[in-house]
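Descriptive structure summary
Each chain, written out:
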Amino acid sequence: MNKTNSTPSIQHSARQVAIEVITNILLQQGSLSTQLARRQADVASEHIPLLKELCFGVCRQYPKLNSIALHLLAHPFEEKDTDLYAALLLGLYQLSYMNTPDHAAVHETVESCRLLKKDWATKLINAVLRRYQREADEIIMNLESTPSVEYNQPKWLLKRFIKHWPEQFEEIVDASNTHPPMCIRVNESRVSRETYQEKLNELGIKSSTGDFSTSALYLKNAVRVGELPNFEEGFVSVQDEAAQLSAHILNPKAGEKILDACAAPGGKTGHLLEKGNSIDLTAVELEPWRMEKIESNIKRLGYNAHLICADAGEIESWWDGEHFDKILLDVPCSATGVIRRNPDIKINRKPADIDELVLIQREILSRVWTTLKSGGYMLYATCSLMPEENEQQIQYLLENQADAKEVAINTLASEFKLEWGIPVSHGRQLFPAIEGHDGFYYCLLQKS
Ligand SMILES: C[S@@+](CC[C@H](N)C(=O)[O-])C[C@H]1O[C@@H](n2cnc3c(N)ncnc32)[C@H](O)[C@@H]1O
């Protein structure tokens, strides 16, 4: 068999994989991160950046691209032709945001109809893209009179941002539409941030220090983790600065019995272990495949923990009855503070998901609360910007657990030089910042 004749070019295959990934996202069959993790092995390693750029780009620009596509099509595609719609979105993305020459973007998109064995659509796709080439400025100007297109957010989400955060919504939207910076956490038990920054500097990797987490360094340009000195020896981990605050707030101490509920992929688990010299840490996670990530993360850092795969809310199934001194409860949430890292939220997230998540969070929070010892501390955390997942959950806990009280966020920490986020009715809310931290929520509680 002549391989060169029968195998599509590698670049073409990156495009084909992107079409499949976007199709699955449009059909609600998995998240962008799981799809990419599964499918990136199907393209040559040098084309993985192209695959990511295409998939992240289409998701990030989806509200705009979707309205352009619907405007250009006389009739929307049927569900069975979602793959064609994905190809069209990718073509529009290339025309609008990438350096691909226009004729190549049009040609590749038309060719992908043939690869999808839908030759009947070639003329239609060709005509639609050529019209966009001619009329792009006018089309975009007209469509941008709709706020969800102007701000590039789903309508329902934009409404909520405006309702909950009238003063901050522009800042939220701008940061959510940008590419996030690469932030690393220096393992301060091995090396100081200053020394590690010098090591990076020697290698020509420019960085700046985070203002709020003493362990955070922002890289000027993203690099592969393998390029970070002593990564395999556990000197650093990739973690957003706002996420790093959790271990600084809880400030684990030697000998403390600590629970990290909802722990995968184990970013915060690792940080707690780094900060607390010989703590007794239990990490609970629902998903077995995500559990493996915690395992490999803490192995790289050189620590041990009790890893339990269970529903954190079903305490009968995993708790031995010994109370914890401190608990980190980083519940599953709408991830509306990290849209720039999970831009498929713009396609997949629905208002009903938030109602469902609120019930799950409430259940986990009130059940896990019983495992905290008297006088112990719980840090409730989400990467959500929705008050119903954050301060309102704390309000609910305080109303229903007589022994729960909120304490100042820096009660246990000694290292915050600057104030981060804004105070809300309970806890503190951080908003995503361009070239800065993600959106997060924290509230520290104590059991009386
Ligand atoms: C926000 S993520 C946690 C991130 C993690 N703390 C870190 O820093 O790497 C929430 C995690 O909770 C897990 N999860 C969801 N429902 C759960 C439940 N009922 N019990 C335990 N874990 C759960 C999800 O699979 C997900 O891994």
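Keep in mind that this is a model prediction, so the values were computed, not measured.

Rules used in this analysis
- Residues numbered from 1 in each chain as written.
- Predicted model: local features only at pLDDT ≥ 70, side-chain atom pairs only at ≥ 80, totals over all residues.
- Heavy atoms only, no water.
- Core = buried A, V, L, I, M, F, W, Y, C linked by side-chain atoms within 4.5 Å.
- Buried < 20%, exposed > 50% of the residue type's maximum accessible area, 1.4 Å probe, protein only.
- Contact = heavy atoms within 4.5 Å.
- 1 Å grid on protein atoms, 1.4 Å probe; cavity = no way out; pocket = protein on both sides within 12 Å on 5 of 7 lines; lining within 4 Å.
- Points joined across faces, edges and corners; volume = space filled by probe spheres on them.
- Helix = DSSP H or I, 4+ residues; strand = E, 2+ residues; numbered from the N terminus.
- Nonpolar A, V, L, I, M, F, W, Y, C, P; charged D, E, K, R; others polar.
- Domains from an automatic or database assignment.
- Buried area = accessible area lost by both parts, 1.4 Å probe.
- Salt bridge = Lys/Arg side-chain N within 4 Å of Asp/Glu carboxyl O.
- Near = heavy atom within 4 Å.
- Polar contact = N/O pair within 3.5 Å; in protein donor to acceptor, adjacent residues only side chain to side chain.
- Areas by Shrake-Rupley, 256 points an atom, 1.4 Å probe, with all protein chains shown as cover.
- Pairing = 2+ DSSP bridges.
- Axes fitted to C-alpha atoms, helices over the stretch in contact; angles between N-to-C directions.
- pLDDT = per-residue confidence, 0-100.
- UniProt positions renumbered as here; feature names shortened; annotations may be inferred.

**Considering the nonpolar core**
Core analysis: the largest hydrophobic core is formed by 74 residues, its most contacted members being Phe161, Ile249, Leu329, Met378, Trp420, Tyr442 and Leu444. The contacts of Ile249, once residues within four sequence positions are left out, are Leu379, Ile409, Leu412, Ala413, Phe416, Trp420, Tyr442 and Leu444. Core analysis: the second largest hydrophobic core is formed by 51 residues, Leu26, Cys55, Ala69 and Ala87 among them.

**With respect to the layout of surface pockets**
Roughly 230 Å³ of volume is contained in the second largest pocket. Sorting the residues of the lining of the second largest pocket by element identifies strand 10 (404-407) and strand 13 (440-447) as the ones contributing at least two each. It is strand 13 that provides the largest number of residues to the lining of the second largest pocket, a total of three residues. Each residue belonging to the lining of the second largest pocket can be placed in one class, and the counts come to 10 nonpolar, three polar and five charged.

**What to know about the domain arrangement of the protein chain**
Looking at the assigned domains, one finds that the protein chain contains domain 1 (3-150), domain 2 (182-237) and domain 3 (246-447). When each unit is reduced to the centre of its C-alpha atoms, the spacing between domain 1 and domain 3 is 37 Å. Domain 1 puts 12 residues into the contact, and the matching count from domain 3 is nine residues. Of the roughly 950 Å² buried where domain 1 meets domain 3, counting both sides, 61% is carbon and sulfur surface. Looking only at domain 1, the three residues that lose the most surface to domain 3 are Gln28, Cys59 and Arg60, adding up to 41% of its buried area. The interface formed by domain 1 and domain 3 includes zero salt bridges.

**Comments concerning the site of the ligand**
Near the ligand there are 18 residues, and of these Glu285, Arg290, Asp311, Ala312 and Asp330 occur at the shortest range. Between the ligand and the protein, one listed contact pairs an oxygen atom with a backbone N or O atom of Pro265 at 3.4 Å. Within the complex, the protein chains bury 87% of what would otherwise be the 600 Å² of accessible surface of the ligand. In terms of residue class, the shell around the ligand is built from 10 nonpolar, two polar and six charged.

**What about the sheet that holds strand 1 (residues 182-186)?**
Pairing between the strands of a sheet is mediated by backbone hydrogen bonds and can be parallel or antiparallel. Reading across from one edge, 2-3-1-4 is the order of the four strands in this open sheet, with antiparallel pairing throughout. Two strands close off the open sheet at either side, each with one partner strand: strand 2 (207-209) and strand 4 (236-238). Averaged over all pairs of adjacent strands, the angle between strand axes in this sheet comes to 30°, irrespective of strand direction. As paired strands, strand 1 and strand 4 are joined by three bridges and run antiparallel to one another. Bridge pairing in strand 4 places Arg185 opposite Ser237. In this fold helix 12 (residues 193-202) packs onto strand 1, strand 2, strand 3 (216-219) and strand 4, with an angle of close to 20° to the strand it touches most, strand 3. Across the sheet, helix 14 (residues 267-275) is in contact with strand 1 and strand 4; its angle to strand 1 comes to roughly 30°.

**Notes on the confidence of the model for the protein chain**
Of the residues in the protein chain, 97% reach a pLDDT of 70 or more, and the chain-wide mean stands at 95. Below a pLDDT of 50 lies the segment residues 1-10, which in the model reaches three contacts outside its immediate sequence neighbourhood of four places, other chains included.

**Comments concerning the UniProt feature "binding site: S-adenosyl-L-methionine" (unreviewed entry) in the protein chain**
Listed under "binding site: S-adenosyl-L-methionine" (unreviewed entry) in the UniProt record, and renumbered for this structure, are Cys262, Ala263, Ala264, Pro265, Gly266, Gly267, Lys268, Glu285, Asp311 and Asp330. Residue placement: Cys262 occurs in the loop between strand 5 (257-261) and helix 14. In this structure Cys262 touches Val284, Glu285, Ala312, Leu329, Asp330, Val331, Pro332 and Ile364, once residues within four positions along its chain are discounted. Taking relative accessible area as the criterion, Gly266 reaches 2% and is therefore assigned buried.

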